[in-house]
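# Descriptive structure summary
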Amino acid sequence: MTECPCPVDIGTRLELLVDDYLVERLGGEVEFRLHRPTPREVVFPNQPEPIIHEEGHGLRAGHAYMTVLQDGDIYRMYYAVSRSPQGLKGPRPRLYHYAESRDGVHWETPSLGLFEYEGSTDNNIFWCEFRADGFDAHSFSPFIDTHPDTPAEHRYKAVAYTRSGDDKGLVAMSSADGIRWSRYSAGFVITDGAFDTQNLAFWDGARGGYRAYWRDFYPGPDGQRYRGIKTASSENFLDWSTGQWLYLPGTEPEQLYTNQVIPYVRAPHVLVGLPTRYVARPDSPAIEALPEPERRRAVMEKTGMARIGTDLTDTLFMSSRDGVEFRLWGEAFVRPGLRPRDNWFYGDNYAGWGIVTTAASIPGAPDEMSFYLSEGNRREHDSKVYRRYTLRQDGFVSVCASRRGGELLTRPLVFGGEQLLLNFSASAAGGLRVELQDERGVAIPGYSLAECVDVLGDDLERPVQWNGGAAPGALAGKPVKVRVSMVDADLFAFRFR
């Protein structure tokens, strides 16, 4: 990461250890470690779709580009469905559908009565790609606009891809209820891109403006076109800066399909993304050894495109503090996995946009983060489905210490608040201790390692204590360094409260 000005004023905000922005030094056997989420149940559709039935029609329904919003006590899901009477080779106009949940696990598809399909409006369609008025919008993902001056009639917004003659680009959309949509812009607002995946935009309150992310192509190191991500910013959602490529320092060239960038809800000054990595592979015995070789061959024959059967996709993790420079982990955040079907196809393992809070699977345990990944792409007669994945809150990346132990030392920080809280996990033989130092690196009396009470267990917000009852609040507003000594433990995040 770019060197930060010192001292860094963190106030009382939660600081995730997803990068080295606040780290001055790691010593001993400690390292940044990417954690992987736990696959849970298939949440949608978990039964034949109750509104639009496919049985007997020979249609191919491909759910795509899901968005999940946590809106008060309602979880809102938006997803596209491609339907083609000609199967895999036919044109696939998209219909956009809506579902609701009270827990992020069990979903219902309400009858909206907005668009007619097969002679009935008894369906959950909230938008059609090809409309009678001539305006079509492809792949738009709603967000809740939390800008303090946003009128109620434009509380929900999105950017949508559309064409006008030979021109193409993104237009702005808005809605009062998240279901009934209309154009917010008269013309295109962004035009420099391919726009053929999930196009995202949101209000970025930490940086004071709107930000959009979309896909484009650039020349790769081998002379081929590579898939990459562009971003732009806006003050009013209508006038956007020129798109610029994400800066991904220190990474191998990767082809990124979707980006799924979003302000992390518990620490919105940090942007996190779950991009889809596209891996082009030639046909080979290695591909033949993957699950479902017969289906793979059938898809290649029906489409006439070898890459549809040989290329693969998985999900990565990245984070940013400015919206342009990202730390992208080269190791997969979600691997296709040890399963006999529906995971090793091009188009599987796409993360939907949105990270929500859900109840833990273990009674009494703290809430978890949930997000949703697709599987079962290009099945001839069945719809793609979405599986829920969970992760502990703030648990994307940790500073991890071995059994031999090590330590983390921060750059000088200025904080507010009275207590230092840690999100950590330790073994029965492990634990942490914390020392507060002055800018010179000298332990402050009352806050040394020797005076720190051992931090044991596993917690999201464990207060650090020192013998003698010294309280960090006495140091608020003064530059301090935080030294954390760790043994067989992970430190995910910290904050002063």
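Use the structure listed above.
Residues numbered from 1 in each chain as written. Predicted model: local features only at pLDDT ≥ 70, side-chain atom pairs only at ≥ 80, totals over all residues. Heavy atoms only, no water.

## Overview of the overall build of the protein
Along the backbone of the protein there are 3 helices and 32 strands. Rg of the C-alpha trace for the protein: 24 Å, near the compact-globule value of 23 Å for 497 residues, within the 12% margin. Taken across its 497 residues, the protein has 59% of its residues classed as buried. Look at the contacts in the protein between residues 6 or more apart in sequence, and 64% of them connect residues 24 or more apart. (Helix = DSSP H or I, 4+ residues; strand = E, 2+ residues; numbered from the N terminus. Rg over C-alpha atoms; globule rule 2.2 N^0.38 Å. Buried < 20%, exposed > 50% of the residue type's maximum accessible area, 1.4 Å probe, protein only. Contact = heavy atoms within 4.5 Å.)

## With respect to unusual backbone geometry
Positive phi is not limited to glycine here, since E118 has a value of about 50°. Along the chain, the position of E118 falls in the loop between β8 (107-108) and β9 (125-128). Despite not being glycine, D342 shows a phi value in the positive range, around 70°. By secondary structure assignment, the location of D342 is in the loop between β24 (326-328) and β25 (356-358).

## Describing the sheet that holds strand β27 (residues 385-392)
The strand order across the open sheet built from 4 strands is β4-β27-β26-β25, with neighbouring strands paired in antiparallel fashion. Each having just a single partner strand, β4 (38-44) and β25 make up the two edges of the open sheet. Put simply, the sheet's adjacent strands are angled 45° from each other on average, direction ignored. Examined bridge by bridge, β25 and strand β26 (residues 368-375) share 3 bridges and lie antiparallel to one another. The residue bridging T357 from the neighbouring strand is M369, located in β26. (Pairing = 2+ DSSP bridges. Axes fitted to C-alpha atoms, helices over the stretch in contact; angles between N-to-C directions.)

## Looking at the packing of aromatic side chains
Enumeration according to the criterion identifies 32 aromatic pairs in this entry. Measuring from ring centre to ring centre gives 5.6 Å for Y96 and F140, while their planes differ by 35°; the resulting arrangement is tilted. On the criterion of sequence distance, the pair formed by Y96 in strand β7 (residues 94-101) and F140 in the loop between β9 and β10 (143-144) is long-range, its members being 44 residues apart. Residue Y96 is classed as buried on the basis of its relative accessible area of 3%. Arranged with centres 5.3 Å apart and planes meeting at 70°, the rings of Y218 and W245 form a pair that is edge-to-face. Separated by 27 residues along the polypeptide, Y218 in strand β15 (residues 209-219) and W245 in strand β17 (residues 244-245) bring together distant segments of the chain. By relative accessible area, Y218 is classed as partly exposed at 25%. Ring-pair connections join several aromatic residues into one group, and the members of that group are Y78, Y96, Y98, F115, F126, W127, F140 and W181. (Phe/Tyr/Trp six-rings, centres within 6.5 Å; stacked < 30°, edge-to-face > 60°.)

## What about the sheet that holds β24?
Taken in spatial order, the 4 strands of this open sheet run β19-β20-β23-β24, and their pairing is antiparallel. Edge positions in the sheet fall to β19 (262-264) and β24, since each has one partner strand and no second. Strand after strand, the sheet turns through a mean of 35° between neighbouring axes, direction not considered. Summarising the sheet, strand β23 (residues 318-320) and β24 pair through 3 bridges and their orientation is antiparallel. By the bridge assignment for β24, S319 is matched with R327.

## Section: the side chain of T410
Tracing the backbone through its elements, the reader meets T410 in strand β28 (residues 397-410). A polar contact is formed between the side chain of T410 and the backbone nitrogen of V482, at a distance of 2.9 Å. Dropping the residues within four chain positions of it, T410 is found in contact with L22, V23, E24, K481 and V482. (Polar contact = N/O pair within 3.5 Å; in protein donor to acceptor, adjacent residues only side chain to side chain.)

## Overview of helix α2 (residues 293-303)
An α-helix turns once per 3.6 residues; consequently, residues spaced three or four apart project the same way. Listed as buried for α2 are P293, R295, R296, V299, M300 and T303. Buried residues of α2 fall within an arc of 165° about the axis and therefore sit on the same side. Of the residues in α2, the exposed ones pointing more than 90 degrees away from the buried face are E294 and E301. Residues of α2 that are buried sit in contact with α1 (285-288), α3 (306-310) and β22 (312-315). G304 lies just past α2 and shows a positive phi near 70°. (Arc of directions from axis to C-beta.)

## A word on the pattern of salt bridges
Applying the stated criterion across every chain yields a total of 37 salt bridges. Salt-bridge contacts for K157 lead to D145; the nearest nitrogen and oxygen are separated by 2.6 Å. Taken together, the residues K157 in strand β11 (residues 156-164) and D145 in the loop between β10 and β11 connect sequence positions 12 residues apart. Accessibility expressed as a relative area gives 2% for K157, which makes it buried. In this structure, D342 engages R295 in a salt bridge whose closest nitrogen and oxygen atoms are separated by 3.5 Å. Of this pair, D342 sits in the loop between β24 and β25 while R295 sits in helix α2, placing them 47 residues apart in sequence. A residue is classified by how much of its surface remains accessible, and R295, at 16% relative accessible area, is buried. One network of salt bridges, with partners in common, ties together R13, E15, D19 and R321. (Salt bridge = Lys/Arg side-chain N within 4 Å of Asp/Glu carboxyl O.)

## Considering the pairing of strand β14 (residues 200-204)
With 5 of 5 residues buried, β14 lies mostly within the body of the structure. With 5 bridges joining them, β14 and β15 adopt antiparallel strand pairing. Directly across from F202, in β15, lies its bridge partner R211. Linking β14 back to β15 in an antiparallel pair, the connection comprises 4 residues, with G208 at a positive phi of about 75°.

All we've got here are geometric facts, nothing functional implied.
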